[in-house]
Amino acid sequence: MTMILSIIGLAATIVYILYTIRFAKGLQRLKPGKNFEKPTVSVVVAARNESRNIQMLLTSLVNQSYPPDRYEIIVADDQSTDDTREKIAAFSEKWDNVVCVEVKDRDQAKSPKKNALTQAIAASEGEIVLTTDADCVAGRFWIESMVACFEDGIDMVAGYSRPKIMNWKETTFIQRYEYFDVLVLFSAAAGSVGSGKAFSCSGQNLAYRRKAFDAVGGFSSIAHLVSGDDVNLMQLMRIAGKKIGYAVNAHTFVYTRPIESVEKFFNQRARWASNLKVQMGLNPEFFLYLLSVAAMHALSVAMIFYDWRVALLIWIGRLIAELRFLSVAIEKFHFESDRFRFYPLWFVLQPVYIVITALRGALNVYMWHGR
């Protein structure tokens, strides 16, 4: 039994190291976009009970550097029970390019967010669809910089996002963990795109040509999946042969609220992890990669009790690979060097976190907007 576990653990670690090296090289290949054309853009947002967030987002969106007559903001109010709709309406009364769509059939939809986005996109007209979440904030040059990435036949552009933390010393432990974890997750996603794999992305910062979205049938083939309006759509694009890029210009970054509690953090990550089993059909290579990551982390702890030498090899291999990868990610995404001191804690706790979220995701143990 020990021999079998050792072989699996070491094999999974080798796979992790090889992909981490590949992602680092992929990150290095990514360059800021240089397309200076000004196509029409539809910024699409799904919102439900986002009263405390929607004003900040819309304020950032109506003050973009992009020509006002070349972009519209479509907010799908997903049957909010607070005053979200009223706040959206206040913006639409003042700004001609802000439109509120009242979502229908929420109770019949397996995935409310995809249902809301589908209705918002149907009501939009832009050549480029640009998505973000209601709890995010974009910089003044966000639209302009994301559009610049649509060059050389690019059909989809994934972007970077991270929690907005002003004072590192006053943040909670879980917020620091989330902040560092986001750097690793999204940098790996960017590296996968740069290496030609296009494994993952986030709906917090994602853009695609309307023609490409229509060509893959929009969300119709993945509407039965609760989540995955981002990563699963990316896989549909990849399968259809669409060209995918990743934005690395700092002006393309968006910021979101830091997580508020440990349970909300695990709940969010379990929802993301629930897409693991879906990748067996959409992207088997991505599925095997994620499986190897889970196996490596689980066995890095389990082998301490069976053969500490094997456990040590796994930890050392992972450490070397991650330090090399993170040296590239920190430079590419302007990660504050003093915050890197959190890495040792993240490194030690990551196996526990991975196992918990993988299990919850596989069993669909999470809540999302009351469901």
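Our structure is the block above this text.
The following paragraphs examine the structure supplied in this document. Quick caveat: nothing in here was measured; it's all calculated off a predicted structure. (Residues numbered from 1 in each chain as written. Predicted model: local features only at pLDDT ≥ 70, side-chain atom pairs only at ≥ 80, totals over all residues. Heavy atoms only, no water.)

Quick look at the nonpolar core now. Of all hydrophobic cores here, the largest spans 83 residues; its most connected members are Y208 and Y246. Beyond its immediate chain neighbours, meaning those up to four positions away, Y246 contacts L30, V157, A158, G159, Y160, F186, A189, A190, V193 and F333. (Core = buried A, V, L, I, M, F, W, Y, C linked by side-chain atoms within 4.5 Å. Buried < 20%, exposed > 50% of the residue type's maximum accessible area, 1.4 Å probe, protein only. Contact = heavy atoms within 4.5 Å.)

What follows covers the packing of aromatic side chains. On inspection of all chains with the given rule, the structure shows 34 aromatic pairs. Taking 4.8 Å as the distance between ring centres and 20° as the angle between the ring planes, the aromatic pair formed by F199 and F286 counts as stacked. Here F286 lies in helix α11 (residues 284–302) and F199 lies in the loop between α6 (173–194) and β8 (206–209), a separation of 87 residues in the sequence. One exposure class covers both F199 and F286, and it is buried. The ring of Y179 carries the charged tip of R339 above its face, separated from the ring centre by 5.0 Å. (Phe/Tyr/Trp six-rings, centres within 6.5 Å; stacked < 30°, edge-to-face > 60°. Helix = DSSP H or I, 4+ residues; strand = E, 2+ residues; numbered from the N terminus. Lys NZ or Arg CZ within 6 Å of the ring centre and 35° of its normal.)

Among the structural elements, T252 can be located in the loop between β9 (244–246) and β10 (254–256). You can call T252 buried: its relative accessible area is 0%. If near-sequence neighbours (up to four positions away) are discounted, T252 is found in contact with W142, S145, M146, Y160, N205 and A247.

With that settled, the discussion passes to unusual backbone geometry. Most peptide bonds are trans, and most residues other than glycine sit at a negative phi. Its identity as a non-glycine residue notwithstanding, D105 has a phi of 60°, on the positive side. With respect to the element layout, D105 can be found in the loop between β3 (98–102) and α4 (112–122). Despite not being glycine, H334 has its phi angle at roughly 55°, a positive value. With respect to the helices and strands, the residue H334 is situated in the loop between α12 (308–332) and α13 (343–362).

Now for the environment of A321. Counting through the fold element by element, A321 comes out in helix α12. Residues A321 and L18, 303 residues apart in the sequence, show an inter-C-alpha distance of 8.4 Å. Aside from chain neighbours lying at most four places away, what touches A321 is I17 and T20.

Now for the packing of helix α1 (residues 2–29) against α11. In the contact formed by α1 and α11, the axes pass within 8 Å of each other and the chain directions differ by 125°. Compared by their axis directions, α1 and α11 come out oblique. Both α1 and α11 take part in a crossing whose hand is left-handed. Contacts between α1 and α11 pair L5, I8, G9, A12, T13, V15, Y16, Y19 and F23 from the former with E285, Y289, S292, V293, A295, M296 and L299 from the latter. Here the contact of α1 with α11 is built from residues that sort into 12 nonpolar, three polar and one charged. (Axes fitted to C-alpha atoms, helices over the stretch in contact; angles between N-to-C directions. Parallel < 35°, antiparallel > 145°, perpendicular 65-115°, else oblique. Left-handed = near helix turned anticlockwise from the far one by under 90°. Nonpolar A, V, L, I, M, F, W, Y, C, P; charged D, E, K, R; others polar.)

Of all the seven residues making up strand β1 (residues 41–47), seven are buried; the element is thus mostly covered by neighbouring parts of the structure. Taking every second residue as pointing to the same face, both faces of β1 are buried, with V41, V43, V45 and A47 on one and S42, V44 and A46 on the other. Note that β1 and strand β4 (residues 128–131) share four bridges and pair parallel. Considered in β4, the bridge of V43 is made with L130. (Pairing = 2+ DSSP bridges.)

A cluster of basic residues, R22, K25, R29 and R324, forms a positive patch at the surface. In terms of residue count, the dominant contributor to the positive patch is α1 (three residues). Here R324 shows up in helix α12. (Patch = residues over 30% accessible without salt bridge, like charges linked within 9 Å, V, L, I, M, F, W, Y side chains within 5 Å. Areas by Shrake-Rupley, 256 points an atom, 1.4 Å probe, with all protein chains shown as cover. Salt bridge = Lys/Arg side-chain N within 4 Å of Asp/Glu carboxyl O. Lys, Arg positive; Asp, Glu negative; His and termini not counted. Charge placed at Lys NZ, Arg CZ, Asp CG, Glu CD.)

Before going further, it helps to examine the sheet that holds β1. Spatial ordering of the open sheet is given by β3-β2-β1-β4-β8-β6-β9, a layout of seven strands whose pairing is mixed. Where the open sheet ends on each side, the last strands, each with one partner, are β3 and β9. Mean inter-strand twist for the sheet, computed between neighbouring axes without regard to direction, equals 20°. In this sheet, strand β2 (residues 71–77) lies alongside β1 in parallel orientation, the contact comprising seven bridges. Among the inter-strand pairings, V43 is bridged to a residue of β2, identified as I73. Sheet contacts for helix α3 (residues 84–94): β1, β2 and β3; angle to β3, the most-contacted strand, approximately 150°. Packed on one face of the sheet, helix α8 (residues 231–239) meets β6 (156–158), β8 and β9 and runs near 140° to β6.

This structure, assessed with the given rule, holds 13 salt bridges. A salt bridge links D307 to R309; its shortest N-O distance comes to 3.2 Å.

Bridge count between β4 and β8: four bridges; the pairing is antiparallel. Bridging from a neighbouring strand, V129 pairs with Y208 of β8. Judged from the three bridges that link them, β6 and β8 form a sheet pairing that is antiparallel. Counterpart to M156 in the pairing with β8 is Y208.

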